[in-house]
Protein chains: 2
Amino acid sequence: MPVSLDRTDKALLNALQGNARLTVAELADRVALTTSPCWRRVRHLEESGVISGYQAILSPKALGYGVTAFVSIMMESHTQEIARAFEQRLLAIPEIVACHNVSGRYDFLLEVVAKDLESFGEFAREVLQTLPCVKEIYSSFSYKSVRPLRVMSLPG
Amino acid sequence: MPVSLDRTDKALLNALQGNARLTVAELADRVALTTSPCWRRVRHLEESGVISGYQAILSPKALGYGVTAFVSIMMESHTQEIARAFEQRLLAIPEIVACHNVSGRYDFLLEVVAKDLESFGEFAREVLQTLPCVKEIYSSFSYKSVRPLRVMSLPG
DNA sequence: GGTGAAAGCGAGGACCA
DNA sequence: TGGTCCTCGCTTTCACC
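What counts, and where the lines are drawn
- Residues numbered from 1 in each chain as written.
- Chains lettered and ligands numbered in written order.
- Predicted model: local features only at pLDDT ≥ 70, side-chain atom pairs only at ≥ 80, totals over all residues.
- Heavy atoms only, no water.
- Contact = heavy atoms within 4.5 Å.
- Buried area = accessible area lost by both parts, 1.4 Å probe.
- Salt bridge = Lys/Arg side-chain N within 4 Å of Asp/Glu carboxyl O.
- Polar contact = N/O pair within 3.5 Å; in protein donor to acceptor, adjacent residues only side chain to side chain.
- Helix = DSSP H or I, 4+ residues; strand = E, 2+ residues; numbered from the N terminus.
- Nonpolar A, V, L, I, M, F, W, Y, C, P; charged D, E, K, R; others polar.
- Pairing = 2+ DSSP bridges.
- Expected span 1.5 Å × (residues − 1).
- Buried < 20%, exposed > 50% of the residue type's maximum accessible area, 1.4 Å probe, protein only.
- Near = heavy atom within 4 Å.

Asks: Outline the interface of chain B and chain A, supporting the account with residue identities and numerical values.
Replies: Each partner contributes residues to the interface: chain B has 65 residues there, and chain A has 65 residues. The largest per-residue losses of area from chain B upon contact with chain A belong to Q55(B), R150(B) and M152(B), which jointly make up 13% of the total buried on that side. Our count for the chain B to chain A interface comes out at four salt bridges. Where E111(B) meets R150(A), a salt bridge forms, and the shortest distance between an N and an O atom there is 2.6 Å. For the pair chain B and chain A, the number of links is 43 residue pairs in polar contact (both at pLDDT 80 or more). Elements that contribute at least two residues to the side of chain B that touches chain A include exactly α1 (7-18), β1 (51-58), α4 (80-91), β3 (96-102), β4 (108-114) and β5 (134-145) of chain B. The dominant element in the side of chain B that touches chain A, judged by the number of residues it contributes, is β1(B), at eight residues. When its residues are assigned to classes, the side of chain B that touches chain A shows 39 nonpolar, 17 polar and nine charged. Where strand β1 (residues 51-58) of chain A and β1(B) come together, seven bridges link them in antiparallel fashion. Across the sheet, the residue bridging to L58(A) is I51(B), located in β1(B).

Asks: Any chance you could break down α1(B) for me, citing the residues and the numbers?
Replies: The α-helix advances 3.6 residues per turn, and as a result positions three or four apart in sequence lie on the same side. For α1(B), with 12 residues, the first-to-last C-alpha span of 17 Å sits near the 16 Å given by 1.5 Å per residue. Listed in full, the buried residues belonging to α1(B) are T8(B), D9(B), L12(B), L13(B), A15(B), L16(B) and Q17(B). As for α1(B), its buried residues are in contact with β1 of chain A together with α2 (24-30), α3 (35-47) and β1 of chain B. With a side-chain oxygen positioned 3.0 Å from the backbone nitrogen of T8(B), the residue opening α1(B) is D6(B).

Asks: With reference to specific residues and values, describe the protein's contact with DNA strand D.
Replies: What surrounds DNA strand D is the set L33(A), T34(A), S36(A), P37(A), R40(A), R41(A), T23(B), V24(B), A25(B), T35(B), S36(B) and W39(B). Across the atoms of DNA strand D situated within 4 Å of the protein, the share located in sugar and phosphate is 55%. Contacts to DNA strand D include S36(A), whose side-chain N or O atom sits 2.7 Å from a base oxygen. Those elements that place two or more of their residues in the surface near DNA strand D are α3 (35-47) of chain A together with α2 and α3 of chain B. Take the surface near DNA strand D: its biggest share by element is four residues, from α3(A). By residue class, the composition of the surface near DNA strand D is five nonpolar, five polar and two charged.

Asks: Please give an account of the environment of P148(B) that cites residues and values.
Replies: Residue and element names in this part refer to chain B. For P148, the location among the structural elements is in the segment after β5. Using a relative accessible area of 72% as the deciding quantity, one classes P148 as exposed. For the pair P148 and N101, spaced 47 residues apart in the sequence, the C-alpha separation amounts to 23 Å.

This is the structure:
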């Protein structure tokens, strides 16, 4: 599944991670190519699945979400069906921004946004705690996002 | 800081979170507008900071990163300078995809990618453990990303 | 808030080295 | 692979409702 990338591809990916709206002409400039080969490379990166999509990044603050929390959830049991059903429930909750099934002491790690601490408390009590088969919940709040943009740097 | 959004704005944001490359014409279609007002709305969302940017999303798998780990780090001390310096160190490490300063038992929560478990182990030992003032590290591995795309759903 | 139209530019393809 | 040129359609910005 890994795709081999040369220096130019990596430069393209780094640029597009910073700004997905760059025109092919601007991209071509940055990697010292003309538009055609540049465009072909980008298309190849898309088709090979290296670029899985383009996303507008929203500011939680501007949307009124002052609190970002990381919530670890321990399940009471670990059967396939329970996990699958649980994941479906999680997907339907809009406050959950990201969600991983993880190893270790807890089974799920969620990233949750809320208006403020109070409304997070309400959310935890009324939504998370009432999910079936939840044994334990641990919440940790983000004081600050050290790396505001999720980026996979590709040195190269 | 919160900006008030009507139904149409939310629809635009939901659409752009799914695909930042949608043309204004396509967007206008989806929200039953013509291109001009649609374009004005998008620009307003950008200028008001609701849309903080546009990003190409890369596939860790396609880049050869088979392992995603969440690493919790406990510091030995908590002064401003130490935290600041520590954060600078973290920012320079390309394997770290995301990073938050958090409350609770641990002080930092990192999301890290690695080729495989073995190379993660090496990374943890040789890079993370050798950072100054680290007291304790706890790693948890992602079996599966339940929500592949980070999205803030905006119902309404 | 909304429409329609005009100008300019970028995407995407055909073709060559 | 990379480069040149060409065309269609979209973006962007008018003036106006």
